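Read off the chains here:
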Amino acid sequence: MEPGVLLYGRGWIETGWPEGRMPSAADLDAVSPDNPVILSRADGHAMVVNSAALAAAGITDETENPDGGAIERDADGHATGMLIDNAQGLLSSLWTEPDAAAKALALETGAKVYVSRGWTGVHNMSVGPDEAPIMLELAGEGKMPLRLWNAFDATEEGMALAAAQDYEAPTITNHAIKLYMDGALGSRGAQLIKPYSDRPDTSGLSLITNEDLADFMKRADEAGIQVAVHAIGDLANQRLLDIYEAGGYPPEKRWRIEHTQILAPTDIARVGPWD
Ligand SMILES: [Zn+2]
């Protein structure tokens, strides 16, 4: 690889590693000092980057955390190379979007993996609106042997596509959007009522305000769009339940909380009415 060329990968998770700790820029610098390296955690809620990538993206010790994101720092205030949730966007200038042919190949390859494991359909989250025509084309060519239920990114384009149910086929449903209340537990981005017991300096991240989510839901309701909202921490789930209750959306809509991973004991009974 030529010096300066970006290396990107995704899929690591520290829980099975001997040290069981998050990786750092220093770990990557030792093997790749000259090429920017970006490695996304398996869940997509965090990434580790090396010093060359931090420098290329202009991230310094002084760079402020974006809303809903964290640039992890050590005791001296230096960026460690771990970027959580919305802070990952600070690196977006470093890579170019794959073209349609590359996306088609990735979708076809992924579908083959699922089918080889016996899957017949997937609920496909956080789909880019530009992927919808590619999936339809693959289905037409017999290269998409899965039933797809797609939930699109909650952009204007994604909302319009889900409202119109564009690019559907007998095996493809395009009628939902996915939103995010918070991050993930492993990267300490899940939004908790109390601080993390092993990270008392944080109680996680909020990725959307209650007002913005309520507004999205109202618009989705009016457009007949199904809504899926990612909520992992107990505060994220509590806020989401508050908004569902205030909106009075009935269970027949089949709206969903994605993950519902940690619930305050008093909130468990509140989920029942939407079952
Ligand atoms: Zn999720």
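As the structure is a computational prediction, the values presented were derived from the model and not from experiment.

(A) Geometry of a negative patch on the surface. A grouping of Asp-61, Glu-62, Asp-74 and Asp-76 is seen on the molecular surface, where their side chains present a negatively charged patch. Positionally, Asp-61 belongs in the loop between helix H2 (51–56) and strand S4 (69–73). The partly exposed category is assigned to Asp-61, whose relative accessible area is 33%.

(B) Summary view of the environment of Pro-145. Tracing the backbone through its elements, the reader meets Pro-145 in the loop between helix H4 (131–140) and strand S7 (147–153). With 25 residues separating them along the chain, Pro-145 and Thr-120 place their C-alpha atoms 7.5 Å apart. Apart from the residues lying within four places of it in its own chain, the contact partners of Pro-145 are Ala-111, Val-115 and Thr-120.

(C) Representation of the coordination of the zinc ion. Within the protein, the atoms that donate to the zinc ion are Lys-178 (NZ), His-230 (ND1) and His-259 (NE2), at distances of 2.1 to 2.6 Å. Using a relative accessible area of 1% as the deciding quantity, one classes His-230 as buried. When its relative accessible area of 44% is taken as the criterion, His-259 is described as partly exposed.

(D) Expanded view of H4. Within H4, the full set of buried residues consists of Glu-131, Ala-132, Ile-134, Met-135 and Leu-138. Projected onto a plane normal to the axis of H4, the buried residues spread over an arc of 160° and lie on a single side. Structural note: H4 exposes Glu-137 and Gly-140 on the side pointing more than 90 degrees away from its buried face. Residues of H4 that are buried sit in contact with helix H3 (100–116), strand S6 (121–127), S7, helix H5 (156–164) and strand S8 (172–180). Gly-142 lies just past H4 and shows a positive phi near 75°.

(E) Seen up close, the pattern of salt bridges. The tally for this structure, following the rule as stated, stands at 18 salt bridges. Residue Lys-143 pairs with Glu-141 through a salt bridge whose shortest N-O separation is 3.4 Å. Using a relative accessible area of 43% as the deciding quantity, one classes Glu-141 as partly exposed. The partner of Glu-222 in a salt bridge is Lys-218, with the nearest N and O atoms 3.4 Å apart. Here Glu-222 pairs with Lys-218, and both are found in helix H6 (residues 210–223), just 4 residues apart, close to one helical turn. Residue classification places Glu-222 among the exposed residues on the basis of a relative accessible area of 60%. What you see here is one network of salt bridges that share partners, running through Asp-242, Glu-245, Asp-267 and Arg-270.

(F) View of the packing of aromatic side chains. Going through the model one piece at a time under the given rule, you end up with 5 aromatic pairs. With a centroid separation of 4.9 Å and an interplanar angle of 45°, the aromatic rings of Tyr-114 and Trp-119 are classed as tilted. Overall, Tyr-114 belongs to the partly exposed group, its relative accessible area being 33%. Ring centres of Tyr-249 and Trp-255 lie 4.5 Å apart, and the angle between their planes is 40°; this geometry places the pair in the tilted category.

(G) Expanded view of the sheet that holds strand S1 (residues 7–12). Spatial strand order, S1-S2-S3-S5-S4: 5 strands in an open sheet with mixed pairing. Since the sheet does not close on itself, it has two edges, and those belong to S1 and S4, each with one partner. For this sheet the average axis-to-axis angle between neighbouring strands, irrespective of direction, equals 20°. By the bridge criterion, 5 bridges tie S1 to strand S2 (residues 37–41) in an arrangement that is parallel.

(H) How the structure looks around the environment of Pro-273. Among the secondary structure elements, Pro-273 is positioned in the segment after helix H8 (268–271). Considering only alpha carbons, one finds Pro-273 and Pro-3, 270 residues apart in sequence, at a separation of 57 Å.

Conventions adopted
- Residues numbered from 1 in each chain as written.
- Predicted model: local features only at pLDDT ≥ 70, side-chain atom pairs only at ≥ 80, totals over all residues.
- Heavy atoms only, no water.
- Patch = residues over 30% accessible without salt bridge, like charges linked within 9 Å, V, L, I, M, F, W, Y side chains within 5 Å.
- Areas by Shrake-Rupley, 256 points an atom, 1.4 Å probe, with all protein chains shown as cover.
- Salt bridge = Lys/Arg side-chain N within 4 Å of Asp/Glu carboxyl O.
- Lys, Arg positive; Asp, Glu negative; His and termini not counted.
- Charge placed at Lys NZ, Arg CZ, Asp CG, Glu CD.
- Helix = DSSP H or I, 4+ residues; strand = E, 2+ residues; numbered from the N terminus.
- Buried < 20%, exposed > 50% of the residue type's maximum accessible area, 1.4 Å probe, protein only.
- Contact = heavy atoms within 4.5 Å.
- Donors = N, O, S within 2.8 Å, 3.2 Å for Na, K, Ca; no water.
- Arc of directions from axis to C-beta.
- Phe/Tyr/Trp six-rings, centres within 6.5 Å; stacked < 30°, edge-to-face > 60°.
- Pairing = 2+ DSSP bridges.
- Axes fitted to C-alpha atoms, helices over the stretch in contact; angles between N-to-C directions.

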